[in-house]
Amino acid sequence: MKKDIALIMREILKYSNDLPSVSHNTPFKVLIATVLSQRTKDAATEKAAAKLFSKYPNAKSLAKAPTREVQKLIKGAGFYKTKAARIKEISKAILEQFNGKVPDSRKQLMSLPGVGSKTSACTVVYAFGKPAICVDVHVHRISNRIGIVDTKKPDETEAELNKIIPKKYWLSINHSMVRFGQETCRPRNPKHQECALQKQCDFFNRKGKWAQS
Ligand code: SF4
């Protein structure tokens, strides 16, 4: 069945009409929190980020911070040793290569140590309000469940979504899919009965490799 992208987006956007706020945090905090969020639940990321930024709120302070202390502050985020090393490297690179200012282009962001497609997209969206499709676990899961993409990795999902999702939705898609994924299309026990996308959804209709067994 051909997917009705406009209908799918209309339903998903109902979960969050607001465009993401760009004034809530500094670009540095958005970038570092996105690194902390890798393979970590939202609540644990928020806690670790709050602890870290209460002591080291910018690139200058974090670049100089003792590694052990950084590890201790972000321990709740998982993979904390790797992440501590990574966020210190990023802070140093921002200081040395960008005068302490987080760049607003994806190309420049991806020149920072360990910053890939997802982190750069999330940063331009949430720190600078620039359109990009930020593919986190929710966007990857939901896009494959519905069947608008058929991919294994988030980077592949982003490339496919870039082709089929009109640009006017890019800024909101992550924000609204995250809400949809937390409230209805949950990782476990999705609430199919509350979902307006049943007819569009391969997972619900038991089609495709992402379908339920
Ligand atoms: S029908 Fe179920 S699996 Fe499909 S999008 Fe809705 S909640 Fe998710």
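Residues numbered from 1 in each chain as written. Predicted model: local features only at pLDDT ≥ 70, side-chain atom pairs only at ≥ 80, totals over all residues. Heavy atoms only, no water.

> Explanation requested: the site of the ligand in the structure shown.
Close to the ligand lie Ile-146, Phe-180, Cys-185, His-192, Cys-195, Cys-201, Phe-203 and Phe-204. A per-class count over the shell around the ligand returns seven nonpolar, one polar and no charged. (Near = heavy atom within 4 Å. Nonpolar A, V, L, I, M, F, W, Y, C, P; charged D, E, K, R; others polar.)

> Help me out: how do you make sense of unusual backbone geometry in this one?
Glycine aside, the phi torsion of most residues is negative, and most peptide linkages are trans. Residue Phe-79 is not a glycine yet carries a positive backbone phi of 45 degrees. Take Phe-79: its relative accessible area is 44%, and that puts it in the partly exposed class. Even without being a glycine, Asn-99 presents a positive backbone phi close to 60 degrees. As for its position among the elements, Asn-99 is in the loop between helix H6 (80–98) and helix H7 (106–109). For Asn-99, a relative accessible area of 75% corresponds to the exposed category. (Buried < 20%, exposed > 50% of the residue type's maximum accessible area, 1.4 Å probe, protein only. Helix = DSSP H or I, 4+ residues; strand = E, 2+ residues; numbered from the N terminus.)

> Quick question: what am I supposed to make of the state of the cysteines here?
In protein chemistry, a disulfide is the covalent bond that joins the sulfur atoms of two cysteines. Taken as a whole and judged by the stated rule, the model has one disulfide. Disulfide pairing places Cys-122 opposite Cys-134 at an S-S distance of 1.8 Å. Its S-S torsion of about 45 degrees marks the bond between Cys-122 and Cys-134 as right-handed, since a negative value means left-handed. With Cys-122 in helix H8 (residues 117–128) and Cys-134 in the loop between H8 and helix H9 (137–146), this residue pair connects regions lying 12 residues apart in the sequence. Comparing Cys-122 with Cys-134 shows no difference in burial state: the two are buried. (Disulfide = S-S within 2.5 Å.)

> Looking at this structure, how should I read helix H10 (residues 154–164)?
Structurally, the α-helix is built with 3.6 residues per turn, so residues lying three or four positions apart point the same way. The complete set of buried residues in H10 reads Thr-157, Glu-158 and Leu-161. Buried positions in H10, seen along its axis, are confined to an arc of 100 degrees and lie on one side of it. Residues of H10 that are buried make contact with H7, H8 and H9. (Arc of directions from axis to C-beta. Contact = heavy atoms within 4.5 Å.)

> How do you make sense of the pattern of salt bridges when you look at a structure like this?
Two side chains with opposite charge may pair up if their charged atoms get near one another. Taken as a whole and judged by the stated rule, the model has seven salt bridges. The partner of Arg-86 in a salt bridge is Glu-89, with the nearest N and O atoms 3.7 Å apart. Taken together, the positions of Arg-86 and Glu-89, both in helix H6 and three residues apart, correspond to about one turn of that helix. When its relative accessible area of 29% is taken as the criterion, Arg-86 is described as partly exposed. Close ionic contact of Lys-163 with Glu-160 constitutes a salt bridge, the shortest N to O distance being 3.0 Å. Placement of both Lys-163 and Glu-160 in helix H10 is noted, with a separation of three residues, approximately one turn of the helix. Given the relative accessible area of 62%, Lys-163 is considered exposed. A residue is classified by how much of its surface remains accessible, and Glu-160, at 32% relative accessible area, is partly exposed. (Salt bridge = Lys/Arg side-chain N within 4 Å of Asp/Glu carboxyl O.)

Fair warning: the whole summary comes from geometry, so function is off the table for now.
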